[in-house]
Amino acid sequence: MQNTEKTEKKRIVMSGMRPTGPLHLGHWEGALRNWLKLQQECECYFSIADWHALTTEYADPSAIRDHARAVLLDWLSVGIDPDRSVVFRQSAIKEIPELFLLFAMIAPLGRLERVPTFKEQKAQLADRDLNTFGFLGYPLLQTIDIIVVGGNTVPVGEDQVYHIELAREMVRRFNQFYGEVFEEPMELLTPQSRLPGLDGRKMSKSYGNVINLSDDAETVKSKIMPMKTDVRRQRRSDPGVPEDCPVFAFHKSFSSVEQIAEVEAGCRSAAIGCIDCKKILIANLNRFLEPVRERRARFENSDIEDLLAPGNARARERAGRTLEVVRAQVKI
Ligand code: TRP
Ligand code: SF4
């Protein structure tokens, strides 16, 4: 085959999280695990999206700073490496609002109103007034996050696919008006996490059914021990169906293949009791979390601004180059 100038485009990974509180095992399974892998292979940008948090928290933003710190510590604790990846705070990059403003000029209102998460979130957070320009602009702001640092690959869950689709449309529109400046970003779908919360529903802070990445060993134990198990196992001698038990779902994510097989067979034959089953899980969860705790201890006393400064500077530098091109093309 001929080797023409059609060279492989380099993957530039960009993703972010809104700082809404400490991260839990759901974030690990649904995102961070994947980020760690990508960090080994690609240039990565990871943003603490505090302006995105403000779109819903504007009436009381007082917790956002603390949450940003918590998110950063959680990222570093699981092994996001600020020497390898560009880890930064969205609000440190003033090129973002500049590019957002330029895109606001060309973003069709009707298109933004049709983004499904717009109506869904509004209904879900009915206690707040989200009839705001800022909230409508949420997915446009996300577009800017991605393209301002040249991101072309966006690891996200299923729920964010519409936003990436919008990003592609906005990029296309911009390029039509002002010339081929931006690459259309693609989502990199993170496989749906199979890990439920402690009560079997989706793991979510609002359900109070989470294990945080920052939970200590005692806390993990005190959360697992009272978990409801399969209702068939009234007595120790009653066999159960592991598929109907959230403890087993946790085993599937955090236990070895042999242990999973052992627990599964033991549950069905009543060879193992729920307490023993939970003890195995607790040990495995704590074995997983121990290195996370060790890394956290190394960063915990550092000033968050010091930790973020190099990443902020790198993101700013990259965004600055983007804006130079953009200003020239838009002729402003
Ligand atoms: N909207 C994303 C979420 O709620 C968070 C986010 C902000 C993001 N900026 C981003 C994700 C840029 C990917 C790329 O999960
Ligand atoms: Fe759940 Fe384990 Fe009890 Fe089976 S033995 S019901 S998997 S806790």
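Up top is the structure these notes are about.
Residues numbered from 1 in each chain as written. Chains lettered and ligands numbered in written order. Predicted model: local features only at pLDDT ≥ 70, side-chain atom pairs only at ≥ 80, totals over all residues. Heavy atoms only, no water.

A.B. asks: Is there a simple way to think about the packing of helix 4 (residues 95-106) against helix 14 (residues 304-330) in this case?
C.D. replies: When two helices pack together, their arrangement is given by the angle between the helix axes and by the axis-to-axis distance. The contact between helix 4 and helix 14 brings their axes to 10 Å, and the two run at 30 degrees. Considering their axes alone, helix 4 and helix 14 lie roughly parallel with respect to each other. As for how helix 4 packs across helix 14, the hand of that crossing is left-handed. Residues Glu95, Glu98, Leu99 and Leu102 of helix 4 form the contact with helix 14, whose own contacting residues are Arg316, Ala319, Gly320, Leu323, Val326 and Arg327. Among the residues making up the contact of helix 4 with helix 14, the classes are represented as 5 nonpolar, 1 polar and 4 charged. (Axes fitted to C-alpha atoms, helices over the stretch in contact; angles between N-to-C directions. Helix = DSSP H or I, 4+ residues; strand = E, 2+ residues; numbered from the N terminus. Parallel < 35°, antiparallel > 145°, perpendicular 65-115°, else oblique. Left-handed = near helix turned anticlockwise from the far one by under 90°. Contact = heavy atoms within 4.5 Å. Nonpolar A, V, L, I, M, F, W, Y, C, P; charged D, E, K, R; others polar.)

A.B. asks: What is the right way to read the packing of aromatic side chains from this model?
C.D. replies: The relative placement of two aromatic rings is captured by the distance of their centres and the angle of their planes. If you walk through the whole model with that rule in mind, you get 11 aromatic pairs. When the centroid spacing of 5.1 Å and the interplanar angle of 55 degrees are considered together, the rings of Phe254 and Phe288 count as tilted. Here Phe254 is found in helix 11 (residues 246-254), whereas its partner Phe288 is found in helix 13 (residues 274-299), with 34 residues between them in sequence. Overall, Phe288 belongs to the partly exposed group, its relative accessible area being 22%. Taken together, the ring pairs connect Phe103, Phe174, Phe177, Tyr178 and Phe182 into an aromatic cluster. (Phe/Tyr/Trp six-rings, centres within 6.5 Å; stacked < 30°, edge-to-face > 60°. Buried < 20%, exposed > 50% of the residue type's maximum accessible area, 1.4 Å probe, protein only.)

A.B. asks: Can you help me understand unusual backbone geometry in this one?
C.D. replies: Negative phi characterises most residues that are not glycine, and trans characterises most peptide bonds. Here the phi dihedral of Ala270 falls at roughly 60 degrees; this positive angle occurs in a residue that is not glycine. Examined against the element boundaries, Ala270 turns out to sit in the loop between helix 12 (257-269) and helix 13. Its identity as a non-glycine residue notwithstanding, Lys331 has a phi of 60 degrees, on the positive side. Relative to the helices and strands, Lys331 is located in the segment after helix 14. Note on Lys331: relative accessible area 73%, which makes it exposed.

A.B. asks: What should I look at first to understand the layout of surface pockets in this one?
C.D. replies: Where empty space is left in the structure can be found by rolling a water-sized probe over the atoms. Considered as a void within the structure, the second largest pocket measures approximately 200 Å³ in volume. Of all elements in the fold, only helix 2 (50-57), helix 4, helix 7 (133-136) and helix 8 (138-148) reach the threshold of two or more residues within the lining of the second largest pocket. For the lining of the second largest pocket, the residue count by class is 10 nonpolar, 4 polar and no charged. (1 Å grid on protein atoms, 1.4 Å probe; cavity = no way out; pocket = protein on both sides within 12 Å on 5 of 7 lines; lining within 4 Å. Points joined across faces, edges and corners; volume = space filled by probe spheres on them.)

A.B. asks: What's the story with the pattern of salt bridges in this structure? I'm lost.
C.D. replies: Charged atoms that come close allow side chains of opposite charge to pair. According to the stated counting rule, one finds 18 salt bridges in the structure shown. Here Glu43 ties to Lys10 by a salt bridge, and the two come within 2.6 Å at their closest N and O atoms. On the criterion of sequence distance, the pair formed by Glu43 in strand 2 (residues 43-48) and Lys10 in the segment before strand 1 (12-17) is long-range, its members being 33 residues apart. Classification of Lys10 as exposed rests on a relative accessible area of 54%. Arg128 is the salt-bridge partner of Glu57, the closest N and O atoms lying 2.7 Å from each other. Taken as a pair, Glu57 in helix 2 and Arg128 in the loop between helix 6 (116-124) and helix 7 lie far apart in primary sequence, 71 residues in all. (Salt bridge = Lys/Arg side-chain N within 4 Å of Asp/Glu carboxyl O.)

A.B. asks: Whenever I open this one, helix 9 (residues 161-178) confuses me. Can you help?
C.D. replies: An α-helical turn contains 3.6 residues, so a residue and the one three or four places further along point in the same direction. When the terminal C-alpha atoms of helix 9 are compared, their 26 Å separation across 18 residues agrees well with the 26 Å that a helix rising 1.5 Å per residue should span. For helix 9, the set of buried residues is Val161, His163, Ile164, Leu166, Ala167, Arg168, Met170, Val171, Phe174 and Asn175. (Expected span 1.5 Å × (residues − 1).)

A.B. asks: Which parts of the structure should I look at to understand the site of ligand 1?
C.D. replies: In the vicinity of ligand 1 there are 13 residues, among which His52, Tyr138, Gln142, Asp145 and Gln160 approach most closely. Contact distances for ligand 1 include 2.7 Å between a nitrogen atom and a side-chain N or O atom of Tyr138. A distance of 2.7 Å separates a nitrogen atom of ligand 1 from a polar side-chain atom of Asp145. Computed on the free molecule, ligand 1 has an accessible area of 370 Å², of which 90% lies beneath the protein chains in the complex. Looking at the shell around ligand 1, its residues break down into 6 nonpolar, 5 polar and 2 charged. (Near = heavy atom within 4 Å. Polar contact = N/O pair within 3.5 Å; in protein donor to acceptor, adjacent residues only side chain to side chain. Areas by Shrake-Rupley, 256 points an atom, 1.4 Å probe, with all protein chains shown as cover.)

A.B. asks: How should the site of ligand 2 be read in this particular structure?
C.D. replies: By nearness alone, every residue bordering ligand 2 is listed as Thr229, Asp230, Arg233, Cys245, Val247, Phe248, Cys267, Cys274 and Cys277. More than half of the atoms belonging to ligand 2 lie within 2 Å of the grid points that define the largest cavity. When residues of the shell around ligand 2 are traced back to their parent elements, those giving at least two are helix 11 and helix 13. Among the residues making up the shell around ligand 2, the classes are represented as 6 nonpolar, 1 polar and 2 charged. (Sits in = over half its atoms within 2 Å of the grid points.)

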